[in-house]
Amino acid sequence: MSPLVAVILITVTIESKGAAVKPVVSFNPNWGTVLAYESVTLTCNVAPPAQREQKYHWYRNNRNLTINDQSFTVNYAEEKDIGDYQCRAGNGDISEAVRLEVSGAHVILQVPPLVFEGDILSLRCHSYDKFPAVETTFYKDHKEIKSLGTASELLVGKVNMETSGLYKCSRRIKSHSSFHNYSDQVDIVVQEMFSLPQIKVRPDQVSEGDNMTITCDTKLSPHRETTELQFAFYRNGHNVQGFSSSNQYGVPSAQLEHSGNYACEVQTPTGSVKKMSNGQQIKLHGGGHVYRAVIISVALLSILLVAAALTYKYRHNLALPLACNGLLHQKQVLVSPDAALLSSIRVNGSDSSTALVRLPNEEADRPENENLSASQESLKYSNLPFTNLTTEDICYSHINTGQLHKVYPSATYRPDDCSVIYCVVKPMESQENTAVQPSDC
């Protein structure tokens, strides 16, 4: 009686996107454990373009095997054939390891070497042909799950993560109908085919008018890297992009109405495995470009205001000396070497236009002259032909006495040697008016 063989058929669609895809090792029949002296064929599955004129390399337990074909068969398996098998196509990446076990027991529970969510799983309680069974029973986590007659295979169906557990089987041999032979326990771990997808958005802060890109990020198991996945996108529960091989959803020149709760769904080509990401709230900020323009304008305005404030604060030190110097060059100048303040001078009106400038004078600054009264000082200038002065006629400037090399007690003005500390200017009313020089200078 020939054994009944069940194989998990995996349909692989390979999509080449420029990145190298690792090959995948598969067994036929697809059992991770075989009885001694049985046969099994190993195949190195690669992307279709790499299958042509490729030299293959096989490894067992990280040791190179002298095999250069894409497939090879282990005939009459022995203990020496036990190990982790890997393959390489040309100079490409090496595959993940797949383990083959060889047993000499009377009864073994055969399961695929790798079980992934969405797979159609079959279990086989296997023994040698010379020991036909009249009854087969399967157990999970020490509890009976199914009792069969002479059949040796149990179809579990499409698996998920809850299918994982400890499995074993027993067979009652025909020649020993009262005796049950139990297999060793096998720990079946259903692996994740791909991780739970996550929504990622670029840029991190999306403003109105930006080009928004939403990526559905997931990772395939290294043993299923050749599996093509399909992606779909949703906003507020409504589909905005149907299933396709693209894991990105782009929104050029995004508007405020594109704000919402985004999610994505990933599935295998057959739809056997589907996973939905958690929702992510994406809020667009209105008027991004206008906002940046306003910020720049405010910054420029602030700079202008600071410059205006500084100019106003130092206007007497910067602007007015220039104005006074210009007026002094255009009008007659009276120079006073005395220490009296202009505010103490009483000036008699006159038709002439004059300017009164106070310069430092050693005699005037002597201590014995400190008793000079303001009234006496004013008499010295009582005959000067000044007209009535107003506050608009007076400008003030600073004198840097450290720059004075010589004092000129005359009306001669030397702007290179001294600066004006007080300047009184009255516009000339006629070209004939002339300045009156002080008689005591």
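Residues numbered from 1 in each chain as written. Predicted model: local features only at pLDDT ≥ 70, side-chain atom pairs only at ≥ 80, totals over all residues. Heavy atoms only, no water.

1. Remarks on the overall build of the chain
Stage number 1. Of the regular secondary structure elements, the chain holds three helices and 30 strands.
Stage number 2. Look at the contacts in the chain between residues 6 or more apart in sequence, and 64% of them connect residues 24 or more apart.
Stage number 3. Working note: accessible area of the chain is about 25,200 Å², and carbon and sulfur atoms make up 51% of it. (Helix = DSSP H or I, 4+ residues; strand = E, 2+ residues; numbered from the N terminus. Contact = heavy atoms within 4.5 Å. Areas by Shrake-Rupley, 256 points an atom, 1.4 Å probe, with all protein chains shown as cover.)

2. Focus: the environment of Ile120
Stage number 1. You can see Ile120 is positioned in strand S11 (residues 120-127).
Stage number 2. For Ile120, a relative accessible area of 46% corresponds to the partly exposed category.
Stage number 3. Considered as a pair, Ile120 and Gly157 are 37 residues apart in the sequence and their alpha carbons are 4.8 Å apart. (Buried < 20%, exposed > 50% of the residue type's maximum accessible area, 1.4 Å probe, protein only.)

3. Structural notes on the side chain of Ser221
Stage number 1. Within the secondary structure, Ser221 is located in the loop between strand S20 (212-217) and strand S21 (230-235).
Stage number 2. Sequence-distant contacts of Ser221, that is, excluding residues within four places in its chain, are made with Phe116, Glu192 and Met193.

4. Some words on the sheet that holds strand S4 (residues 56-60)
Stage number 1. Read across the sheet, five strands follow the order S2-S8-S7-S4-S5 without closing on themselves; strand pairing throughout is mixed. Edge positions in the sheet fall to strand S2 (33-35) and strand S5 (63-65), since each has one partner strand and no second. Taking the axes of each pair of neighbouring strands and ignoring which way they run, one obtains an average angle of 35 degrees across the sheet.
Stage number 2. In the sheet, S2 pairs with strand S8 (residues 98-103) via three bridges, with the strands oriented parallel. Its bridge partner lying in S8, Thr33 is registered against Glu101. (Pairing = 2+ DSSP bridges. Axes fitted to C-alpha atoms, helices over the stretch in contact; angles between N-to-C directions.)

5. Remarks on the nonpolar core
Stage number 1. If you look at the biggest cluster of nonpolar residues, it comprises 22 residues, and the most contacted ones within it are Phe194, Met212, Ile214, Phe233 and Ile282.
Stage number 2. The set of elements that each furnish at least two residues to this core consists of strand S19 (198-202), S20, S21, strand S23 (248-251) and strand S24 (260-267).
Stage number 3. Once you skip the residues sitting within four places of it in the chain, Ile282 turns out to touch Val201, Met212, Ile214, Ser259, Gly260 and Tyr262.
Stage number 4. Ranked by size, the runner-up nonpolar core spans 21 residues in total, among them Cys44, Val46, Phe72 and Val102. (Core = buried A, V, L, I, M, F, W, Y, C linked by side-chain atoms within 4.5 Å.)

6. Quick look at the side chain of Arg235
Stage number 1. Mapping Arg235 onto the fold places it in strand S21.
Stage number 2. Within the buried core, Arg235 has no salt-bridge partner, and the shortest N-O distance to an opposite charge, that of Glu257, equals 8.4 Å.
Stage number 3. Here the side chain of Arg235 touches Tyr262 through a polar contact of 3.3 Å, side chain to side chain.
Stage number 4. If we ignore the near neighbours within four places in the chain, the residues touching Arg235 are Val240, Tyr249, Glu257, His258, Ser259, Gly260, Asn261 and Tyr262. (Lys, Arg positive; Asp, Glu negative; His and termini not counted. Salt bridge = Lys/Arg side-chain N within 4 Å of Asp/Glu carboxyl O. Polar contact = N/O pair within 3.5 Å; in protein donor to acceptor, adjacent residues only side chain to side chain.)

7. Quick notes on the sheet that holds S11
Two strands in a sheet stick together by hydrogen bonds in their backbones, pointing the same way (parallel) or opposite ways (antiparallel).
Stage number 1. One open sheet holds the three strands; their spatial order is S9-S11-S14, and the pairing between them is antiparallel. Two strands bound the open sheet, and with one partner strand each, they are strand S9 (107-110) and strand S14 (153-158). Averaged over neighbouring strand pairs, the angle between their axes works out to 10 degrees when direction is ignored.
Stage number 2. Sheet topology places S9 next to S11; four bridges connect them, and they run antiparallel. Note on S11: the bridge partner recorded for Val107 is Ser127.

8. Some details on the environment of Leu220
Stage number 1. Here Leu220 is to be found in the loop between S20 and S21.
Stage number 2. Residue classification places Leu220 among the buried residues on the basis of a relative accessible area of 19%.
Stage number 3. Dropping the residues within four chain positions of it, Leu220 is found in contact with Met193, Phe194, Glu225, Thr227 and Leu229.

9. Thoughts on a nonpolar patch on the surface
Stage number 1. A contiguous nonpolar patch, built from Ile296, Leu300 and Ile303 and spanning about 320 Å² of accessible area, is present on the exposed surface.
Stage number 2. Note on placement: Ile303 falls in helix H1 (residues 288-313).
Stage number 3. Under the relative-accessibility criterion, Ile303 is labelled exposed at 56%. (Patch = residues over 30% accessible without salt bridge, like charges linked within 9 Å, V, L, I, M, F, W, Y side chains within 5 Å.)

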